[in-house]
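Each chain, written out:
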Amino acid sequence: MLGSADCFRGYDPLCIEFANLAFLGVAETPKLWLSNANAIAKITAFFSIWLAIWLPMAIPIASALKWHPPKPLLAEQKLYLLLPLYPIAPLLLWGVTQVEGSSWADYGLSVDWQFLQSLGIGLGLGVGSLAALFGLQFLCGWFAWQSNSQPPLQSILLPTLGLGLWISGTEEAIFRGFLLTQLQSEYSPAISAVVSGLIFALLHLIWTPKETFPQLPGLWLMGIVLAIARWVDGDLISLAWGLHAGWVWAIATLDTAKVLEYTPKAPRWLVGFNEKPLAGLMAISLLAVFALGGLFKINLTHGF
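Residues numbered from 1 in each chain as written. Predicted model: local features only at pLDDT ≥ 70, side-chain atom pairs only at ≥ 80, totals over all residues. Heavy atoms only, no water.

Caption draft 1: Fine view of helix α3 (residues 39–64). Taking 1.5 Å as the rise per residue, α3 with 26 residues should run 38 Å; its terminal C-alpha atoms sit 37 Å apart, in good agreement. Along α3, the sharpest kink reaches roughly 40°, centred on Leu-55 and followed within four residues by the proline Pro-56. Among the residues of α3, those classed as buried are Ala-39, Lys-42, Ile-43, Phe-46, Phe-47, Trp-50, Trp-54, Ala-58 and Ala-62. For α3, the capping residue at the N-terminal end is Asn-38, with a side-chain oxygen 3.3 Å from the backbone nitrogen of Ile-40. With its phi angle positive at about 55°, Lys-66 sits one or two positions after the end of α3. (Helix = DSSP H or I, 4+ residues; strand = E, 2+ residues; numbered from the N terminus. Expected span 1.5 Å × (residues − 1). Bend = angle between axes of the 7 residues up to and from the residue. Buried < 20%, exposed > 50% of the residue type's maximum accessible area, 1.4 Å probe, protein only. Polar contact = N/O pair within 3.5 Å; in protein donor to acceptor, adjacent residues only side chain to side chain.)

Right, dumping it as structure tokens:
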């Protein structure tokens with residue numbers, strides 16, 4: 001009988017066969033685990049791995065920015081921390097498709113004319129709805145328009161559009177793509193939308209807890225609306241991506257150019273505390289209209 005050293009030199013065919021089986025076992029372990037694990041375990045593993053990869057990069061960046069929780073995080077600092085965080089997500093999602101034997105389409109992603117068309121429609125709806133919201137507030141005399149914005153409004157439209165598409169596209173792939181799909185594999189659509197929306201809202205607390213806390217109801221409802229948008233769009237995330245990008249684009253542009261200045265008579269409970277629309281009743285009502293409209297569309301199309 002040959003020793004272990006001889007075995008690794010390949011002298012024993014049985015050893016070679018055993019080594020091959022061992023290698024295949026290690027390679028197949030993630031697939032076996034994912035096929036047997038429940039949705040909550042898969043979701044926990046996904047976000048844990050995402051965090052574990054990001055933290056070694058985020059800690060030096062935060063140190064260089066002289067930021068640490070619970071110190072308020074500035075918008076520029078947040079962007080620097082997002083730069084390594086968000087590119088990891090698509091790679092992880094690709095890894096999930098390889099391990100599970102699934103495809104991008106299973107998570108609502110496609111590259112065709114229908115997808116791009118829905119993305120454009122969503123973008124228009126997102127920008128248009130906020131334009132209507134702010135237009136109504138302007139007519140009520142709740143804010144004044146600053147014409148001499150710095151930087152000029154036209155100079156930041158394209159950069160903020162790119163930022164909006166990138167941020168919202170990543171978040172939709174994760175929250176309405178991976179997360180919602182996993183939840184729907186074991187739970188009803190309603191429960192899946194509510195839970196995915198709650199996780200989406202709570203994770204925003206990581207960045208600016210005090211500022212985000214009043215926005216939690218709005219963020220939660222926003223997550224539900226975007227889940228409904230996926231169902232409306234035939235299980236694609238393109239409409240949700242467009243809506244999300246439109247909202248991010250409009251808010252980021254207005255915040256950067258500083259063209260809006262709320263007047264003292266603006267009721268904060270309506271327009272949003274700390275000048276955050278999602279912390280106000282008007283934006284929440286707008287989201288409720290989107291939710292009801294989406295559900296009506298689904299009922300009209302599918303009859304349930």
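Caption draft 2: The arrangement of unusual backbone geometry in detail. One non-glycine residue, Lys-258, lies in the positive phi region at around 55°. Turning to its location among the elements, Lys-258 is positioned in the loop between α10 (238–257) and β2 (260–262). Judged by relative accessible area, which is 60%, Lys-258 ranks as exposed. Although it is not a glycine, Glu-275 adopts a positive phi angle of roughly 60°. Inspection of the secondary structure puts Glu-275 in the loop between α11 (268–271) and α12 (281–302). For Glu-275, a relative accessible area of 42% gives the class partly exposed.

Caption draft 3: A look at the nonpolar core. Grouped together as the largest cluster of nonpolar side chains are 75 residues, with contacts concentrated most on Phe-46, Phe-47, Trp-50, Leu-81, Met-222 and Trp-247. When residues in this core are grouped by element, the largest group, 11 residues, is from helix α9 (residues 216–232). Once residues lying within four places of it in the same chain are set aside, the contact partners of Phe-47 are Ile-174, Phe-175, Leu-179 and Leu-203. (Core = buried A, V, L, I, M, F, W, Y, C linked by side-chain atoms within 4.5 Å. Contact = heavy atoms within 4.5 Å.)

Caption draft 4: Up close: the packing of aromatic side chains. According to the stated counting rule, one finds 14 aromatic pairs in the structure shown. Among the aromatic residues, ring-to-ring pairing joins Phe-46, Phe-47, Trp-50, Tyr-107, Phe-175, Phe-178 and Phe-200 into one connected group. In this structure, Arg-176 packs its charged tip against the face of Phe-200, placed 4.4 Å from the ring centre. (Phe/Tyr/Trp six-rings, centres within 6.5 Å; stacked < 30°, edge-to-face > 60°. Lys NZ or Arg CZ within 6 Å of the ring centre and 35° of its normal.)

Caption draft 5: The environment of Ala-252, seen in detail. If you trace the backbone, Ala-252 turns up in helix α10. Each C-alpha atom, one on Ala-252 and one on Thr-160, is 6.3 Å from the other, the two residues being 92 residues apart in sequence.

Caption draft 6: Representation of the packing of helix α6 (residues 153–184) against helix α7 (residues 189–203) within the structure. Their axes nearest at 9 Å, the elements α6 and α7 cross at an angle of 140°. When the interaxial angle is binned, α6 and α7 end up oblique. Crossing geometry of α6 relative to α7 is assigned as right-handed. The residues of α7 that touch α6, namely those facing Glu-171, Phe-175, Arg-176, Leu-179, Leu-180, Leu-183 and Gln-184, are Pro-189, Ser-192, Ala-193, Val-195, Ser-196, Ile-199, Phe-200 and Leu-203. Broken down by class, the residue content of the contact of α6 with α7 amounts to 10 nonpolar, 3 polar and 2 charged. (Axes fitted to C-alpha atoms, helices over the stretch in contact; angles between N-to-C directions. Parallel < 35°, antiparallel > 145°, perpendicular 65-115°, else oblique. Left-handed = near helix turned anticlockwise from the far one by under 90°. Nonpolar A, V, L, I, M, F, W, Y, C, P; charged D, E, K, R; others polar.)

Caption draft 7: Quick peek at the pattern of salt bridges. Scanning all chains against the criterion turns up 4 salt bridges. Across the pair Lys-276 and Glu-211 runs a salt bridge whose closest N-O atoms are separated by 3.5 Å. In this pair, Lys-276 is assigned in the loop between α11 and α12 and Glu-211 in helix α8 (residues 209–212), connecting sequence segments 65 residues apart. For Lys-276, a relative accessible area of 22% corresponds to the partly exposed category. In this structure Glu-211 comes out as partly exposed when scored by relative accessible area, which is 35%. (Salt bridge = Lys/Arg side-chain N within 4 Å of Asp/Glu carboxyl O.)

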